[in-house]
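# Survey of secondary and tertiary structure
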Amino acid sequence: MGEVTYDTIIRNGRWFDGTGAASAIRHLGIRDGRVVTVSPTPLAEHGCPRVLDATDRWVLPGMIDIHTHYDIEVLDAPALAESLRHGVTTVFVGSCSLSTVHVDGDDAGDLFGRVEAIPRDHVLDAVNRHKTWSTPAQYVAALEALALGPNLAAFIGHSDVRTATLGLDRATRPEVRPSRAEQAQMEAMVDAALDAGFVGMSSQQLLFDKLDGQTCRSRTLPSTYARPRELRRLKALLRRRGRVLQSGPDISNPFNLVSQLAQSLGWGRAKLKTSLLSAADVKANPLAIGTIGPSARLINALGGDFRWQHLPVPFEVYADGIDLVVFEEFGSGAAALHLSDQLARNALLRDEGYRRRFRKDYDARFGMRVWHRDFFDAEIVACPDPAVVGKTFGRVGLDRGGLHPVDAFLDLVLDHGTALRWRTTISNHRPHVLRTLAADPGVQLGFSDAGAHLRNMAFYNFGLRLLRHVRDAERAGRPFLTVEQAVHRLTGELADWYDVDAGHLRVGDHADVVVIDPAHLDADLDAYAEQPVATYGGLSRMVNRNDAAVTAVLVAGQPVFDHGVATAAVGTRRTGAFLRAGQRRAAPVAAAVDVF
């Protein structure tokens, strides 16, 4: 027996390094969690305990998901297996102004419960049971003590620091301004997070993200109450440190949108790296998407460093009854979701005056919006009344003597509650627009919202779906990206912009690897399944299942999934790490190639 040279060999796969460079058939040697050899000729396998045959497979860096809400799930189920199994080996937490660094369980429940559709009681319980930290550095240490599956990077949430400083009630009152001492405390919290390696701060100005609980129920997130001075001072910290602002604009206010684009500019000061939510081909505003690319190119040409976030697949959502966040964007829908008591909510839905308001909101055709408000474009997929399954609410209204679609919808909600399940596609429905956005340098690919909206959507496999789209376009003779460029966009491009040590697969890089069988990038990627979440009391979560497409996933050289089956490491020992912004290894160096 020869000396063990490698812990793992991946042989004969089509290798992508994450830089966009040409792919090639290569043999990879992995030792101590890093790639130590990339060879055009076979490696000596004697004594190697693990050899993966990647013939006819793609071997690429683990993908990066830049927008998740795993902040709660990671505490009780740190393996985050639903992302791992689809080849995502790095996830970002702390999005949309929400993090759990400073708030306690009660406030976290109010912040996360309604806007992210994570059961409030489970948020409260998880944070209160696990929280041993009071500083960002202690939070990082607590995460690294868990059996992390993927790598984690983090934003510090503006609503988190604002709530911890002012208290949730004061933080959500428009007349309240932080004192100088309170402003200084918020700045110190953000500065400490950047010292601990957070990639930046997330904020939010979108006004239909509402609080849960009772004390401040239906107020918007604390960050939406911040005035320009508060925001300028926090952004100044990010500029000075070269870190990222993730933000969501108030789409009802054009000035707010323009100002958030312009904030990235330097012009006598450091530029502000800005990632803005979100580039989407919204059905309700089909012309708006035409401004996305030009606006980013203009800002960057003038000296900014700006990116839109974009989910590169159709944004299909499911709902149980009326429980869907899009109803928050107009008054009558928000009024129903404000009522947590089912009897009170049902009484409201029966009220004719309320129905008139709902019909008026539904029929309004002007103003910015996310939901298209078309119940003829909303299909019922499950209901105790089988006669309506497969129909739209609009069709049900016609079948019932010409009822207004709103009345047909509300009648079914009253009759069946959350047993009424339906779906619609909100945005990203035109393939040619998706192709344009996927190739736009002012757009970042991500925005999966993994870990949130568990009953509403599942985009854990968005990277696989983009790769299929690119592969199919190449086959059809209408390429919009090469596979190498698509891999780069899902991996190295994101790692480089956020300045974290991930996303590449060269000699010296961390061995975060996904092996994909392109023959199984097929229609199965569009299907949904359901899986109970043990840590949320058995709540049935929407998931993706594409086990034939992903044949192997490794994090730091350790196998975590094998043909859809989790290895013994998952959930029992840490494979991932907390990735600190700005702490990247030196450039790769050539390694000797060990051959037969």
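Before going into details, it helps to say that this report is about the structure given with it. This one's a predicted model, so the numbers in the text were calculated from it and none came from an experiment. Within each chain, residues carry numbers counting from 1 in the order of the written sequence. Thresholds applied to this predicted model are a pLDDT of at least 70 for local features of residues and 80 or more for the giving and counting of side-chain atom pairs; totals over whole chains, interfaces and linings are not thresholded and use all residues. Values shown for side chains rest on all heavy atoms present in the structure; no hydrogens or waters enter the calculation.

### A word on the sheet that holds strand 13 (residues 315-320)
Using the following cut-off: DSSP-based pairing: two strands are paired if at least 2 bridges between them are found. Put simply, DSSP marks the helices as runs of H or I at least four residues long and the strands as runs of E at least two long, and each gets a number from the N terminus on. Lines fitted to the C-alpha atoms define the axes, with helices restricted to the stretch that makes contact. Angles between their N-to-C directions range from 0 to 180 degrees.
Judged by pairing direction, the sheet is antiparallel, and its 3 strands sit side by side in the order 13-15-14 without closing on themselves. For this open sheet the edge positions go to strand 13 and strand 14 (379-382), each flanked by a neighbour on one side alone. Averaged over all pairs of adjacent strands, the angle between their axes in this sheet comes to 35 degrees, without regard to strand direction. With 6 bridges connecting them, strand 13 and strand 15 (residues 421-427) associate as antiparallel partners. Paired with Val-317 across the strands is Thr-424, a residue of strand 15.

### What about unusual backbone geometry?
Selection rule: Buried, partly exposed and exposed residues are distinguished by accessible area as a fraction of the type maximum, computed with a 1.4 Å probe on protein chains only: under 20%, between the cut-offs, and over 50%, respectively.
The step from Leu-277 to Ser-278 runs through a cis peptide bond, and the omega angle for that step is -10 degrees. Mapping Ser-278 onto the fold places it in the loop between strand 11 (273-277) and helix 11 (292-301). Phi angles above zero are rare outside glycine, and Asp-56 is one such case at about 65 degrees. Looking at the secondary structure, you find Asp-56 in the loop between strand 4 (51-53) and strand 5 (58-61). For Asp-56, a relative accessible area of 62% corresponds to the exposed category.

### Concerning the pairing of strand 8 (residues 151-157)
Burial within strand 8 is extensive, with 7 of its 7 residues counted as buried. Taking every second residue as pointing to the same face, both faces of strand 8 are buried, with Asn-151, Ala-153, Phe-155 and Gly-157 on one and Leu-152, Ala-154 and Ile-156 on the other. When strand 7 (residues 88-93) meets strand 8, the two strands line up parallel, connected through 4 bridges. Looking at the pairing, Val-93 lines up with Ala-154 of strand 8. Note: strand 8 against strand 9 (residues 200-202), 3 bridges, orientation parallel. What sits directly across from Ile-156, in strand 9, is Met-201.

### Some remarks on the environment of Gly-538
Under the convention used in this document: Residue contacts are counted whenever heavy atoms from the two residues lie within 4.5 Å of one another.
Considering the arrangement of structural elements, one finds Gly-538 in the loop between strand 18 (529-533) and strand 19 (539-543). For Gly-538, a relative accessible area of 39% puts it in the partly exposed group. Non-local contacts of Gly-538, meaning those with residues more than four positions away in its chain, are made with Pro-532 and Val-533.

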